[in-house]
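Single-letter residue listing:
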Amino acid sequence: MNVRGMVLPLVAVLLAVSGCSLFSSGDAAPSPGLERTTLRVGVGGPIDTAPLRIAAAAGKFREAGLTVTLVDLGTADGITKLTSGQLDVTFASDVSLFRAAASGTALQLQGEAYTSGSNTIALVTLPDSDYTEPTAKKSPKIAVDDVDDIGALTARSVLTTAGVDPARIHFEPQPFDRMPGALQAGDVDAALMVEPYITRAEKELGAQILADGSTGATLDFPASGYAATGAFARNNPRTLAAFRSVLMQAQQAAADPATVRDALPTFSDIDPTTAALISLGSYPTTLSAIRLQRVADLMHTSNLIPNRLDVQAMLPAEGRP
């Protein structure tokens, strides 16, 4: 799913915002033997990438001997920037990563970023809508940010499980910030939104959740992650191992929702009130081929990729049996 992010200055203010140290104290010596000490990392959605941003602001990558520059992806495709050499590691939806891999792009996964939770991704309608249950329309028009990404995959899964013929679902591509307008204009029957757009629509328009996207086949669904090209991974294994180590510590620190809620307003346009209200998913602390295979298999059965993808082969060597 294309998601938004911002360039993050490496400032220590996040620690003051959170009210306590998020990581173990002490200045570690730079890791010996790193192939390189700089990494350009593409970042997207602030909620998905919050742990990485917090770690960078706290100087935790520097303590590991890495200078990490966070690069705002905006609406750009991080995988394209990765394969063109503009980035060393990129954030992307798991669907985007697996679609690229299925198309022949050699990628090595570096970490799972975010897993959807209850109402973190959902089909949303307005309060006066006649679309009151998923099966109320036989040929629903659904706004999604990308017809080939996790939003469409989730909406199709939820509606099909409810009994809607998947062949009769019409997807209308719309940026998240334009989805409320599309609903108001009657251009779509429902919109597949993620946070913080769900909470904003509820606050500003009285929007209602037609169906939680984190149910059935997409319950607690892996949403996004980080990857490097296969060539970069082969040439820089120790550098990427150091990156993964800090990332996993950051993901573990984000197990406390207050850590994320307090930090979000410092590097995004999510205000403190919205940050306090949004539904949050979880931040995996391991790379699990079993967990991620769910995404690839659903993509295969949904005809997003022609053949079954072996996610295990995309993991670093230490993550394989």
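Predicted model only: the values in this text are computed from it and were never measured.

Calculation notes
Residues numbered from 1 in each chain as written. Predicted model: local features only at pLDDT ≥ 70, side-chain atom pairs only at ≥ 80, totals over all residues. Heavy atoms only, no water. Phe/Tyr/Trp six-rings, centres within 6.5 Å; stacked < 30°, edge-to-face > 60°. Helix = DSSP H or I, 4+ residues; strand = E, 2+ residues; numbered from the N terminus. Buried < 20%, exposed > 50% of the residue type's maximum accessible area, 1.4 Å probe, protein only. Lys NZ or Arg CZ within 6 Å of the ring centre and 35° of its normal. Pairing = 2+ DSSP bridges. Axes fitted to C-alpha atoms, helices over the stretch in contact; angles between N-to-C directions. Contact = heavy atoms within 4.5 Å.

## Some details on the packing of aromatic side chains
Evaluation of the coordinates by the stated rule reveals 5 aromatic pairs. Residues Y226 and F243 carry aromatic rings whose centres are separated by 6.5 Å and whose planes lie at 80 degrees to one another, so their mutual orientation is edge-to-face. With Y226 in strand β10 (residues 222–229) and F243 in helix α10 (residues 237–253), this residue pair connects regions lying 17 residues apart in the sequence. With respect to class, Y226 is no different from F243; both count as buried. Taken together, F61, F91, Y226 and F243 form an aromatic cluster joined through their ring pairs. The lysine or arginine in question, R200, covers the ring of Y197, its NZ or CZ lying 5.7 Å from the ring centre.

## Structural notes on the sheet that holds strand β5 (residues 121–125)
Sheet architecture is open: 5 strands sit in the order β7-β6-β8-β5-β9, paired in mixed fashion. With one partner strand each, in any of the chains shown, β7 (170–173) and β9 (208–212) form the two edges of the open sheet. The sheet shows a mean angle of 35 degrees between the axes of neighbouring strands, direction not considered. Note: strand β6 (residues 141–144) against strand β8 (residues 190–194), 2 bridges, orientation parallel. Bridge pairing in β8 links I142 to A190. Its contacts with the sheet put helix α8 (residues 197–205) on β5, β8 and β9, and the angle it makes with β8 is roughly 125 degrees.

## Quick notes on the sheet that holds strand β3 (residues 89–93)
Pairing is mixed across the open sheet formed by 5 strands, whose spatial order is β2-β1-β3-β10-β4. A strand with exactly one partner marks an edge of an open sheet, and here the two such strands are β2 (67–72) and β4 (107–115). Strand-to-strand twist of the sheet, defined as the mean angle between neighbouring strand axes without regard to direction, takes the value 25 degrees. The pairing of β4 with β10 spans 7 bridges and is classified as antiparallel. Note that in β10 the partner of Q108 across the bridge is A228.

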